[in-house]
Amino acid sequence: MSRPVLLHMGGAVVDLVHWIPALPLPGAESTADGFVALPGGGFNAMLAARRAGLDVVYGGGHGVGPNGDLLRRAFAAEGLGVLLPASPERDSGHCVVLVTPDGERTFVTWPGAEAHLDAAWLSAYRPPTGSWVFLSGYTMSYEESRIEIATWLEGLSPQHPVIFDPSTVVGDIPSYLIDRALARTTWLTLNAREGEALAGPGSPEAVTRRLLGKCSRAHGVVLRVGAGGAHLRLRDGTFTSVPGFAVEAVDTNGAGDTHGGFLAAGLMRGTDPVAAVRLANAAAAISVTRKGGAAAPTRDELAAFLRARGEEETQLEHHSGGLSA
């Protein structure tokens, strides 16, 4: 493997998705209107990056059993690489996803093989030259491997940019490990709730400024605000609000992952950051109109979406100069 890749260090799991009329009260019961088992977790961002045209490799654990089998079939179907052999000791984990009619989702996760990494393998592995690393907060929340992941990150060459998405479990990660991850972050992407968990409450301008102050190497911070789009803070202090797209949301599960995957694709290609965020906003908007977290659009679908809104999309083409850090 010598070509630059996006190496995703995040737990891929199986999403057990239930569409329900409302969240039940404590002690009560709700009957789902629909159910499906889908690849999820880190798979969603990997799928988005792959559909945006990147070579993507999964660097996390996967197990032996029905969940692991489902994930490996999905990896193969979408052209995603897998570094590690299946763990013979356990199956991959799952996440129960409850989606209400407003598109909001609630998660209950059971970790599996993705929460365990071989420390010896990890300490010896270095991505191909020019590759980027996508780090999920879920990986930093796993007690069995998070210290090893932090140490591995610190040993990476500066030529390997790191995109860090702390995710909804940011509160479960010890602060000293968050600090180690932020110190190695090149681009930080997170939603408004996660941003305030790390930097305290305030306006997007204030939160992104404080977040950038925590990331000594970061080129920028992307603060997602759902239907409102995202805010971008660059190292030079430039702050830009990048609007979202008005759509009718049916399922917001995986929207942040889709955003992160397309953002990674734009940044790896050297796309102007504002344009990269705009494309990620569009991809995320498309994803929430579809059921399931693995709902990233293809490049053709994204281009058609933008054309229908009077915008032209040119930033997803492969550039002759290769991938840029």
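Treat the numbers as computed from the prediction; the structure is a model and nothing was measured. (Residues numbered from 1 in each chain as written. Predicted model: local features only at pLDDT ≥ 70, side-chain atom pairs only at ≥ 80, totals over all residues. Heavy atoms only, no water.)

Novice: How should the overall build of the chain be read in this particular structure?
Specialist: Secondary structure assignment for the chain yields eleven helices and 13 strands. Here the C-alpha radius of gyration of the chain, 18 Å, is about what a compact globule of 325 residues would show, namely 20 Å. With respect to the principal axes defined by its C-alpha atoms, the chain has extents near 50 × 50 × 40 Å. Burial statistics for the chain: of 325 residues in total, 52% are counted as buried. Within the chain, residue pairs in contact and separated by at least 24 positions form 70% of the contacts whose partners lie at least 6 positions apart. Roughly 13,500 Å² of accessible area belongs to the chain as shown, and the carbon and sulfur atoms make up 54% of that amount. The positive charge centre, built from 26 side chains, and the negative charge centre, built from 33, are 5 Å apart in the chain. (Helix = DSSP H or I, 4+ residues; strand = E, 2+ residues; numbered from the N terminus. Rg over C-alpha atoms; globule rule 2.2 N^0.38 Å. Buried < 20%, exposed > 50% of the residue type's maximum accessible area, 1.4 Å probe, protein only. Contact = heavy atoms within 4.5 Å. Areas by Shrake-Rupley, 256 points an atom, 1.4 Å probe, with all protein chains shown as cover. Lys, Arg positive; Asp, Glu negative; His and termini not counted. Charge placed at Lys NZ, Arg CZ, Asp CG, Glu CD.)

Novice: Which parts of the structure should I look at to understand the side chain of Asn44?
Specialist: Structurally, Asn44 is set in helix H1 (residues 42-51). According to the relative accessible area criterion, Asn44 is buried, its value standing at 2%. Ignoring sequence-local partners within four residues, the contact set of Asn44 consists of Asp15, Pro39, Gly254, Asp257, Gly293 and Ala294.

Novice: Can you walk me through the nonpolar core in this structure?
Specialist: The tendency in soluble globular proteins is for nonpolar side chains to be buried side by side. In this structure, Leu6, Phe43, Met46, Phe75, Phe262 and Leu302 are the most contacted members of the largest nonpolar core, which totals 45 residues. No other element matches the eight residues that helix H10 (residues 273-287) contributes to this core. Aside from chain neighbours lying at most four places away, what touches Met46 is His8, Ala12, Val56, Tyr58, Phe75 and Leu80. (Core = buried A, V, L, I, M, F, W, Y, C linked by side-chain atoms within 4.5 Å.)

Novice: Please clarify how the packing of aromatic side chains should be interpreted in this entry.
Specialist: What describes a pair of aromatic rings is the distance from one ring centre to the other and the angle between the planes of the rings. This model, assessed by the stated rule, comprises four aromatic pairs. On the numbers, 6.0 Å between centres and 40° between planes, the contact of Phe43 with Phe75 is tilted. Of this pair, Phe43 sits in helix H1 while Phe75 sits in helix H2 (residues 66-78), and the two are 32 residues apart along the sequence. Summarising the burial analysis for this pair, Phe43 and Phe75 share the class buried. (Phe/Tyr/Trp six-rings, centres within 6.5 Å; stacked < 30°, edge-to-face > 60°.)

Novice: Please explain the sheet that holds strand E4 (residues 56-58) as it appears in this structure.
Specialist: In a beta sheet, neighbouring strands are held together by backbone hydrogen bonds and run either parallel or antiparallel to one another. Pairing is mixed in the open sheet, where nine strands are placed in the order E5-E4-E1-E8-E9-E10-E11-E12-E13. The open sheet has two edge strands with one neighbour each: strand E5 (81-82) and strand E13 (239-242). Here three bridges tie strand E1 (residues 6-9) to E4, and the two strands are oriented parallel to one another. In the sheet register, Leu6 faces E4, and the bridge partner there is Val56. (Pairing = 2+ DSSP bridges.)

Novice: What is the right way to read the packing of helix H7 (residues 192-199) against helix H8 (residues 204-214) from this model?
Specialist: In a packed pair of helices, the relevant descriptors are the angle between the two axes and the axis-to-axis distance. Look at H7 against H8: their axes get within 9 Å of each other, and the N-to-C directions meet at 60°. Put simply, H7 runs oblique to H8. Pair H7 / H8 crosses with left-handed handedness. From H7, Gly195, Glu196, Leu198 and Ala199 reach across to H8, where they touch Val207, Arg210, Leu211 and Lys214. (Axes fitted to C-alpha atoms, helices over the stretch in contact; angles between N-to-C directions. Parallel < 35°, antiparallel > 145°, perpendicular 65-115°, else oblique. Left-handed = near helix turned anticlockwise from the far one by under 90°.)

Novice: Is there a simple way to explain the sheet that holds strand E7 (residues 105-110) in this structure?
Specialist: Reading across from one edge, E3-E2-E6-E7 is the order of the four strands in this open sheet, with mixed pairing throughout. Whereas interior strands pair on both sides, the edge strands pair on one side only; in this sheet they are strand E3 (34-41) and E7. Strand-to-strand, the axes of this sheet are offset by a mean angle of 25°, without reference to chain direction. As defined by bridge partners, strand E2 (residues 12-19) adjoins strand E6 (residues 94-99) across six bridges and the pair is classed as parallel. Paired with Val17 across the strands is Val97, a residue of E6.

Novice: I tried to follow the confidence of the model for the chain on my own but got confused; where do I start?
Specialist: With 95% of its residues at a pLDDT of 70 or more, the chain shows a mean pLDDT of 92. In the model, residues 315-325 has pLDDT below 50 throughout and makes 27 contacts with residues more than four positions away in sequence or in other chains. (pLDDT = per-residue confidence, 0-100.)

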